[in-house]
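The lines below spell out each chain.
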Amino acid sequence: MTDEAKNKRELWAQFEVECKACWKCPLSEGRTHVVVGRGCPETAKVLFIGEGPGKEEDLTGKAFVGAGGKLLDLLLRGLRFSEADYYIANIVKCRPPNNRDPSDAEMQACLPWLRWQVKSIAPKIIVCLGRIAAAQIMDKNFMLIKQRGIWLKKADFDILATWHPAAVLRNPGKKITWFDDLVKVKTLLNGETQDSD
């Protein structure tokens, strides 16, 4: 391991300790665990960003391990993503009660943690999973129904929004467009040109 890689790993470990000790918003009061994320921050070229932890995530402290996460993992394996290719995080790191949408104040309190993750990982591609992530990362007026699957170039990132896997579970009719969107991500990751819809 190079000195740079060792330093990055140490900084990430320190970040996780600080993040897990966060009490910046009321969501911290009802959590079981802070859910920092999962994946390979050292090598990830794709950063998936969801809304927030659900029940299973809160119980385990791991991101996207419930039914939606399992569906996402299945598709990523099917498209031959390596586990070294990606990292999965959320806008908020603590579960909102009853899986409600996080409030603006809660998201603003938590966003510095996500910004640190983005800076540290330095992904090539950011994929927003669902409307809340897209509104925070891409545009506050983002309309997922009309704008999903369309690439946006922002700073050094290629950003695309698609359905949250939980939405696909609720509405299986979204599977085809969700699959198509992640094919676009894999294509760009492989260095091929990708046209938007």
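Rules and cut-offs
Think of each chain on its own: its residues are numbered from 1, step by step along the sequence as written. Local features in this predicted model are restricted to residues of pLDDT 70 or higher, and side-chain atom pairs are both shown and tallied only at a pLDDT of 80 or more, whereas totals for entire chains, interfaces and linings draw on every residue. Note that water and hydrogens are dropped before the side-chain values are worked out from all heavy atoms of the structure. Each helix corresponds to a stretch of at least 4 residues labelled H or I by DSSP, and each strand to a stretch of at least 2 residues labelled E; elements are numbered beginning at the N terminus. Radius of gyration here uses only the C-alpha atoms, and the compact-globule reference equals 2.2 Å multiplied by the residue count raised to the power 0.38. Three labels apply to residues, based on accessible area from a 1.4 Å probe with only protein chains included: buried if under 20% of the type maximum, exposed if over 50%, partly exposed otherwise in between. Only heavy atoms enter the contact rule, under which two residues are in contact if any of them lie within 4.5 Å. Surface exposure here means Shrake-Rupley accessible area, sampled with a 1.4 Å probe, where a residue is shielded only by the protein chains that are shown. When two cysteine sulfur atoms lie within 2.5 Å, the pair is treated as a disulfide.

> A description of the overall build of the protein should follow, citing residues and the corresponding values.
Helices and strands together make up the secondary structure of the protein, namely eight helices and six strands. Along its sequence from the N terminus, the protein presents helices and strands in the succession α-β-β-α-α-β-α-β-α-α-β-β-α-α. Here the protein has a C-alpha radius of gyration of 16 Å; the compact-globule value for 197 residues is 16 Å, and the two agree. Each of the three principal axes of the protein carries a C-alpha extent, and together these read 45 × 40 × 30 Å. Burial statistics for the protein: of 197 residues in total, 50% are counted as buried. Of the contacts made within the protein by residues no fewer than 6 positions apart, 72% connect residues no fewer than 24 positions apart. For the protein, the computed accessible surface area is about 10,400 Å², with 53% contributed by carbon and sulfur atoms.

> Explain the state of the cysteines to me, using residue names and the numbers behind them.
Scanning the entire structure with this criterion turns up zero disulfides. C25 supplies the cysteine sulfur nearest to C94, a cysteine that is in no disulfide, at a spacing of 6.2 Å. The exposure class assigned to C94 is buried, which follows from its relative accessible area of 9%. With no disulfide of its own, C110 has C22 as its nearest cysteine by sulfur position, at a separation of 6.2 Å.

On their own, these measurements won't tell you what the molecule is for.
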